[in-house]
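Remarks on the overall topology
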Amino acid sequence: MKYLVGISRIVVGVLFIISGLIKLNDPVGFSFKLEEYFSLGVLNLPSLEPHALKISLIVVILEVLLGVMLLVGFRIKFTVISLLGMIIFFTFLTFYSAYFNKVTDCGCFGDAIKLTPWESFTKDIILLLLIVILFVGIKHIKPIFGFSAKRVLVVGSLVACVVFAYHVLNHLPSVDFRPYKIGANIESGMTMPENAPQPIFDYAWTFQVNGEEKVIVTQGDYPEVDGEYISVETTEVQKGYEPPIHDFTIERDGENVATSMLQEEKLIMVIAYDLAKTRFDAFTEVKEVTDRAIKLGYKVIGMSSSTTDFADKVVKEYSLGFDFYFTDETALKTIVRSNPAVLVLRKGTIEQKVHYKDIDNLEL
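Read on for a plain summary of the structure. If you're wondering where the values come from, they're calculated on a predicted model, not measured in any experiment.

1. With respect to the pattern of salt bridges
Inspection of every chain in the model, using the stated rule, returns 14 salt bridges. In this structure, the salt-bridge partner of Lys23 is Glu63, at a minimum N-O distance of 3.0 Å. Highlighted residues: Lys23 in helix α1 (residues 2-24) and Glu63 in helix α3 (residues 52-72), separated in sequence by 40 residues. Across the pair, Glu63 and Lys23 agree in class, each one buried. Salt-bridge contacts for Glu35 lead to Lys333; the nearest nitrogen and oxygen are separated by 3.7 Å. Residue Glu35 is located in helix α2 (residues 27-38), and its partner Lys333 is located in helix α11 (residues 329-335); the two are separated by 298 residues in the primary sequence. For Glu35, a relative accessible area of 23% gives the class partly exposed. Here the salt bridges share partners, and the residues they tie into one network are Glu265, Arg346, Lys347 and Glu351.

Here it is as structure tokens:
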């Protein structure tokens, strides 16, 4: 039992720290995932949606701290009970998502490691078993440092987490795991490679044969049956290849101009996924930098999921020298974790990406 507890302690502690740090690198992204869970179609807790960012920060910092506390042996009983409570909640959440197919990615490891709902649930079941082992064998969890050293390590971890969170919230994630990172080409990210795996579907054909319904399953071919066709149901049994970028459009007046925009030699995108929630005071600097860019020969466009009327109102109010185009809100949230933000592209390749607080750092 002693060795089993020791192994569980290391695995659980390391996994909680890694998972917490990955999400702490991008707390805004994790807050978007929490908003999905809180929405009407999932947990039906819309009152929590405005507090998603605060909750995400508390959860990920607690995740890191509990991992550190377990490894160093600080307040062992509190730590193990807290881990047990957290993993029970996470297991419920991932089971709910998987069984009812509500949220297709739990966000457990941010954008670094994508897990299907059932993979997430399986991961949580394994962690739950390991934490139960820790709970049962709690007497075998011994401190590895003196009390003062443990306290310094835990407090130091807390301070480091808060400082790191402050940095990424006021700038951008330190490590970008998304398909829109600097150096990525958007058009290439949308391309389907040759010989890419195709999805496989089962087709359940229902026929009336001799007065009885008969179901025949094929993978596409119409079955040769001496009977009357009634219906067919399809089930995806194997997913095909999906390009990392598959929901990117730039629309104006119902026309998608993404292809032509991504061929621009010098393009600046001003991204505000929701103009109603944007930082309007940032548009003074946005105007300055975009006016200068236009003089230098850049094509400048705005991108938002807001209505054309609202976008045109913002353009007029701040005397912006460019128009806003429509792009899906989820896609814009994936591109950059700032509202607004500015990107510089060359023929579809992202060369610069800045938070609205770092607009001065753009090099034109």
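2. Quick notes on the pairing of strand β6 (residues 267-271)
The buried fraction of β6 is high, at 5 of 5 residues. Of the two faces of β6, the one lined by Leu267, Met269 and Ile271 and the one lined by Ile268 and Val270 are each fully buried. Here β6 pairs with strand β7 (residues 299-304) via 5 bridges, running parallel. When the bridges of β7 are listed, Met269 appears paired with Ile301. Read from β6 through helix α9 (residues 283-295) to β7, the crossover connection turns out right-handed. Here β6 pairs with strand β9 (residues 341-346) via 5 bridges, running antiparallel. Residue pairing in the sheet places Ile268 in a bridge with Val344 of β9.

3. Thoughts on the layout of surface pockets
Over the atoms, a rolling probe the size of a water molecule traces out where space has been left empty. Considering only enclosed or pocket space, the second largest pocket measures out at about 490 Å³ in volume. Lining the second largest pocket we find 24 residues, and of these Val28, Phe32, Leu53, Tyr273 and Asn339 sit closest to its centre. Listed by contribution, the elements that provide at least two residues to the lining of the second largest pocket are α2, α3 and α6 (147-170). Of the residues forming the lining of the second largest pocket, the biggest block, 5 residues, is contributed by α2.

4. Things to note about the packing of aromatic side chains
Two numbers describe a pair of aromatic rings. These are the distance of the centres and the angle of the planes. Following the criterion strictly, the structure yields 21 aromatic pairs and no others. Centre to centre, the rings of Phe280 and Tyr318 are 6.3 Å apart; their planes meet at 5°, and the pair counts as stacked. Note that Phe280 is positioned in the loop between β6 and α9 and Tyr318 in the loop between α10 (308-317) and β8 (324-326), a separation of 38 residues in sequence. In this structure Phe280 comes out as partly exposed when scored by relative accessible area, which is 30%. Taken together, the ring pairs in this structure connect Phe92, Phe95, Tyr96, Tyr99, Phe100, Trp118 and Phe121 into an aromatic cluster. The side chain of Lys23 reaches across the aromatic face of Phe30, ending 5.4 Å from its centre. Between Lys266 and the ring centre of Tyr298, over which it is positioned, the NZ or CZ distance is 4.8 Å.

5. Here we look at α9
With 13 residues, α9 ought to run about 18 Å at 1.5 Å a step, and its terminal C-alpha atoms sit 18 Å apart, in line with that. Among all positions of α9, only Phe283, Val286, Val289, Thr290 and Ala293 are buried. Along α9, the residues classed as buried sweep out an arc of 125° about the axis, all on the same side. Residues of α9 that are exposed and angled more than 90 degrees away from the buried face: Glu288 and Lys295.

Reading the values: the criteria
Residues numbered from 1 in each chain as written. Predicted model: local features only at pLDDT ≥ 70, side-chain atom pairs only at ≥ 80, totals over all residues. Heavy atoms only, no water. Salt bridge = Lys/Arg side-chain N within 4 Å of Asp/Glu carboxyl O. Helix = DSSP H or I, 4+ residues; strand = E, 2+ residues; numbered from the N terminus. Buried < 20%, exposed > 50% of the residue type's maximum accessible area, 1.4 Å probe, protein only. Pairing = 2+ DSSP bridges. Right-handed = clockwise from strand over helix to strand, strands pointing away. 1 Å grid on protein atoms, 1.4 Å probe; cavity = no way out; pocket = protein on both sides within 12 Å on 5 of 7 lines; lining within 4 Å. Points joined across faces, edges and corners; volume = space filled by probe spheres on them. Phe/Tyr/Trp six-rings, centres within 6.5 Å; stacked < 30°, edge-to-face > 60°. Lys NZ or Arg CZ within 6 Å of the ring centre and 35° of its normal. Expected span 1.5 Å × (residues − 1). Arc of directions from axis to C-beta.

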